[in-house]
Amino acid sequence: MISLGQLDRWAEAFEYAEHSKSLRLRYRSALQTSSDRERLQALEREMYRLRRGVPSDSSDNSPLAMVLNPVSSEVTRYSLLLEEYRQLLSGVPDAELQRVGVQQVAARLRPDEAVLSVVAGHEQCLVMLVTASDSDSPAVGTLLDDWNLATDAQINDGVCSGWLYSLAILDPAFDRAPALDSFIEKFDAALAPRIKASIEEHGIRRLTVIPHDFMRLAPFWALPCLRDLQVTLEICAATFLDQGANLAARISNAAVVSDPLLDLPAALADTSAVIDALSAFGLPIDRLQGLKADRSNLQRVLKQTDWLHYSGHGHIPLTDPLEASLLLNPAWGSSKPESADEFWSISTAASDDPPVMIDGKGRIQIAGIGVLEELGDAACRERFLHCDDGRTLWGTADEAKRGCVADRYCAAQLLSDADEHMPKVANLATCSLGASGFTDVEEWQGLVAAFHLAGVNSIIAGLWPVSDVAAAVFVQLFYQEMREYSRDNADGSVDVDLCAALSEASHKMSTLSRDLSASLLQRAARRERAASPREALQLELIAVRMREADEYPFTSAYQHAAFYLLGQSRVTLPRRPL
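These remarks concern the structure in this document. Per chain, residues are indexed from 1 in the order of the written sequence. It should be noted that, the model being predicted, local features are given only for residues of pLDDT at least 70 and side-chain atom pairs only at 80 or more, the latter also being counted only at that level, while totals for whole chains, interfaces and linings use all residues. Think of the side-chain values as coming from all heavy atoms in the structure, minus any hydrogens and water.

Moving on, we get to the overall build of the protein. Under the scheme used here, helices are H or I runs from DSSP no shorter than 4 residues and strands are E runs no shorter than 2 residues, and both carry numbers assigned from the N terminus. Counting its regular elements, the protein contains 21 helices and 25 strands. Residues classed as buried in the protein amount to 58% of the 578 residues present. A separation threshold of at least 6 residues defines the contact pool for the protein, and within that pool the share at least 24 residues apart is 74%. Residue exposure (1.4 Å probe, protein chains only): buried if accessible area is under 20% of the type maximum, exposed if over 50%, otherwise partly exposed. Only heavy atoms matter for contacts: two residues are in contact if any of them lie within 4.5 Å across the pair.

Of all hydrophobic cores here, the largest spans 155 residues; its most connected members are Trp-307 and Phe-478. With sequence-adjacent residues up to four places away left out, Phe-478 is seen in contact with Trp-307, Asn-427, Ile-460, Leu-498, Ala-501, Leu-502 and Ala-505. To define a nonpolar core, start from buried Ala, Val, Leu, Ile, Met, Phe, Trp, Tyr and Cys residues and group those joined through side-chain atoms within 4.5 Å. In this structure, Ile-366, Leu-372, Cys-387 and Ala-397 belong to the second largest nonpolar core, which totals 12 residues.

Right, let's talk about the packing of helix H12 (residues 267–280) against helix H17 (residues 468–484) for a bit. Note on geometry: axes are lines fitted to C-alpha atoms, helical ones only across the stretch in contact, with angles between N-to-C directions running from 0 to 180 degrees. As a packed pair, H12 and H17 sit with axes 9 Å apart at the nearest point and diverge in direction by 5 degrees. By the angle between their axes, H12 is roughly parallel relative to H17. When H12 is examined against H17, the residues Ala-269, Asp-270, Ala-273, Val-274, Asp-276, Ala-277, Leu-278 and Ala-280 are found in contact with a partner set consisting of Ala-471, Ala-472, Val-475, Gln-476, Tyr-479, Met-482 and Arg-483. An angle below 35 degrees is read as roughly parallel, one above 145 as roughly antiparallel, one from 65 to 115 as roughly perpendicular, and any other as oblique.

All right, on to the sheet that holds strand S23 (residues 494–497) then. Between any two strands, at least two bridges found by DSSP are needed for them to pair. Strands sit in the order S8-S25-S23-S22 across an open sheet of 4 strands; the sheet is mixed. The open sheet has two edge strands, strand S8 (249–250) and strand S22 (486–488), and neither has a second partner. With 3 bridges joining them, S22 and S23 adopt antiparallel strand pairing. Pairing of Arg-487 across the sheet is with Asp-495, part of S23. With respect to the sheet, helix H18 (residues 498–510) is in contact with S23 and strand S25 (570–573), its orientation differing from that of S23 by roughly 45 degrees.

Bringing the side chain of Ser-513 into the picture now. One can find Ser-513 in the loop between H18 and helix H19 (514–527). When neighbours within four sequence positions are excluded, Ser-513 is seen to be in contact with Glu-551, Tyr-552 and Pro-553.

A few words on the packing of aromatic side chains. Aromatic rings from Phe, Tyr and Trp, with only the six-membered ring used for Trp, were paired whenever their centres fell within 6.5 Å, and each pair was classed as stacked if the ring planes differed by under 30 degrees, edge-to-face if by over 60, and tilted otherwise. For the coordinates displayed, the defined rule picks out 11 aromatic pairs. For the pair Trp-163 and Trp-464, a centre-to-centre distance of 5.3 Å together with 85 degrees between the ring planes defines the contact as edge-to-face. One end of the pair, Trp-163, is in helix H9 (residues 163–166); the other, Trp-464, is in the loop between strand S21 (458–462) and H17, with 301 residues separating them in the sequence. Classification of Trp-163 as buried rests on a relative accessible area of 0%. Measuring from centroid to centroid gives 5.6 Å for Phe-183 and Phe-187, while their planes differ by 40 degrees, and the two rings are tilted. Remark: Phe-187 and Phe-183 occur in helix H10 (residues 177–201); sequence separation between them is 4 residues, near one turn of the helix. No difference in accessibility class separates Phe-183 from Phe-187, as the two residues are buried. Ring pairing ties together the aromatic residues Trp-147, Phe-183, Phe-187 and Phe-220, which thus form one cluster. For the cation-ring pair, Arg-383 lies above Phe-343, with the distance from its terminal atom to the ring centre recorded as 5.9 Å. The rule is short: NZ of Lys or CZ of Arg within 6 Å of the ring centre and within 35 degrees of the ring normal puts a charge over the ring. The ring of Trp-394 has Arg-408 sitting right over it, with the charged end atom 5.6 Å from the ring centre.

Another point: helix H13 (residues 295–302). Think of an α-helix as turning once every 3.6 residues; residues three or four places apart then point the same way. Buried residues of H13: Arg-295, Asn-297, Leu-298, Val-301 and Leu-302, and no others. Each buried residue of H13 lies within a common arc of 165 degrees when the element is viewed along its axis, so the set occupies one face. Note that the arc is computed from the directions linking the helix axis to the C-beta atoms.

So, on to unusual backbone geometry. Residue Pro-337 is reached from Lys-336 by a cis peptide bond, and omega for that bond is -5 degrees. Even without being a glycine, Asp-213 presents a positive backbone phi close to 55 degrees. At Ala-331, a position not held by glycine, the phi torsion is positive, near 55 degrees. Residue position: Ala-331 is located in the loop between strand S13 (325–328) and helix H14 (340–345).

Attention now moves to the environment of Arg-545. On the secondary structure map, Arg-545 appears in helix H20 (residues 533–546). Look at Arg-545 and you get exposed, because its relative accessible area is 51%. Between the C-alpha atom of Arg-545 and that of Ala-518, which follows or precedes it by 27 residues, the distance is 8.3 Å.

Summarising the element assignment, Glu-44 is placed in helix H5 (residues 37–52). Spatially, the C-alpha atoms of Glu-44 and Leu-415 are 7.2 Å apart, while their sequence positions differ by 371 residues.

Note that side chains of opposite charge can pair when their charged atoms are close. By definition, a salt bridge exists where a carboxyl oxygen of Asp or Glu is found within 4 Å of a side-chain nitrogen of Lys or Arg. Counted according to the given criterion, the structure contains 23 salt bridges. For Arg-391, the salt bridge goes to Asp-389, with nearest N and O atoms at 2.9 Å. Residue classification places Arg-391 among the buried positions, given a relative accessible area of 4%. Assessed through its relative accessible area of 40%, Asp-389 is described here as partly exposed. The shortest N-O distance in the salt bridge between Asp-495 and Arg-487 comes to 3.2 Å. Residue Asp-495 is classed as buried on the basis of its relative accessible area, which comes to 13%. Here the salt bridges share partners, and the residues they tie into one network are Arg-206, Asp-497 and Arg-570.

Further remarks concern the pairing of strand S16 (residues 370–377). The sheet contact formed by S16 and strand S17 (residues 380–387) spans 8 bridges and is antiparallel. Looking at S17, one finds that Gly-370 is bridged to Cys-387.

Its location among the elements puts His-315 in strand S12 (residues 314–315). Between the C-alpha atom of His-315 and that of Thr-430, which follows or precedes it by 115 residues, the distance is 9.5 Å. The residues contacting His-315, other than those within four sequence positions of it, are Glu-323, Ala-324, Ser-325, Leu-327, Glu-382, Trp-394, Arg-408 and Leu-433. Any N or O atom pair separated by 3.5 Å or less is treated as a polar contact, with the protein-specific requirement of one donor-capable and one acceptor-capable atom, and with residues adjacent in sequence counted only for side-chain atom pairs. At 3.4 Å, the side chain of His-315 and the side chain of Arg-408 are in polar contact.

Turning our eyes to something else, we now look at the packing of H19 against H20. Their axes nearest at 8 Å, the elements H19 and H20 cross at an angle of 170 degrees. In terms of axis orientation, H19 runs roughly antiparallel to H20. Judged by residue contacts, Arg-514, Ser-517, Ala-518, Leu-521, Gln-522, Ala-524, Ala-525 and Arg-526 of H19 engage Ala-536, Leu-539, Glu-540, Ile-542, Ala-543 and Met-546 from H20. Each residue is assigned to one class: nonpolar for Ala, Val, Leu, Ile, Met, Phe, Trp, Tyr, Cys and Pro, charged for Asp, Glu, Lys and Arg, and polar for all the others, Gly among them. Here the contact of H19 with H20 is built from residues that sort into 9 nonpolar, 2 polar and 3 charged.

Following this line, the structure appears as structure tokens:
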């Protein structure tokens, strides 16, 4: 792709960038109606069981192993399933895989819209801007010689301190804000001179960014040169065309899943904002808070709900994005283990069976419970219990204390659970779930990609960790702005522009004072006093502490620009708020 740009063959460079995406992503629409969908989903379910170490439902007695050992004569069951999966994908008719180039994208754009395709390189960065008036070549095709991945790395004394590297640092005390500020400054300085004139010339107001490779971890919406635009992300050009061909999704109900581990009192403000805003639009709302925010309830609402809002913890192993997870309530008492103490008391010596080796990991079958796995050492260890009932219980511990135990509902599980009915909107108001990992096997992975592949049209997610208080303030502003960016339809319904509401919420948050922030939280606490008195009191205390913060606590891009929209911007709600 870079070489095509160097040869000024920009139309070809655009198409080759599109071809770098996986068949699973590019065939998204076709697979949802394909006769092979059920078999593909069955294969995903079985491969997920094997990843967890849980015995297969199949009568096949092949060795329970995840990866083919190149020095072994045995072909594992996982490898056989994966090969069948690949053959099914490649067997989808070529006619279903539309050829997507500059001309097709330009034909779908309105006069004030554009698509920005960006390919990362270690020496150069490829940038292509497509507008509605383009035909054979993008309006802008350029190579950034003064910015690339190596520029961002900022290697000093052998230590990497750049933005992309900072996302991989797991220490919760690590301050990523300086790396983000440096990234924004340098990337904007390189990008703005190449595209700003064309954006102004064509009167562009809305920009869809298709990031390739590691550029998916770049916050385009926070760049000064794009700050006045409404910016959305799209996984690839094919899905952009699919979204443009669809009418605004009609939303008829909603569910809010909040504070599953009972340790995020600020999440009550999210719950209050969702209920207050969406009920005013005429939506009935299913409230799953605390103990109700468990796997069985989430699986139920995924099949019944049009709008899903999640406010809780997330976990994303950046080297294994399929394990990116929503952390749910463990539902103690439903089956063994029945408590956190029982979870931690299970011994790796509890079984006489030899360890089952999967992907180089020692996993032990515990009769009547599931498969136990431990990583790390006494100083810092993770424990996984892949229960027979489908839960994956997870906890961390060090020599001093044990952390909360959660049920990990991961991307692989979501794909295997995907139903004909899935939410049309998923608002994942939790940290980092919008990041898609550092593996180069498939650039878009993790929960965002899983929701997208499952059929969710619009996904709001955070690219990096933010505090629960910052997330709560942002959610308050976003749902308020939905009222401002709505347009009446003849049948009494309203179309809401999610991208505009998201962009305006970010801008307002950047200049929001501590007193106004505290007032937002206090109003939410007052609304929830009757339903959740204990949590409302905790939220009141958070609001009091907010008044002692810096006068403008969210001026940093790291605080106000974490969230982005992937996919369709417009949705239709039943009525205008009274």
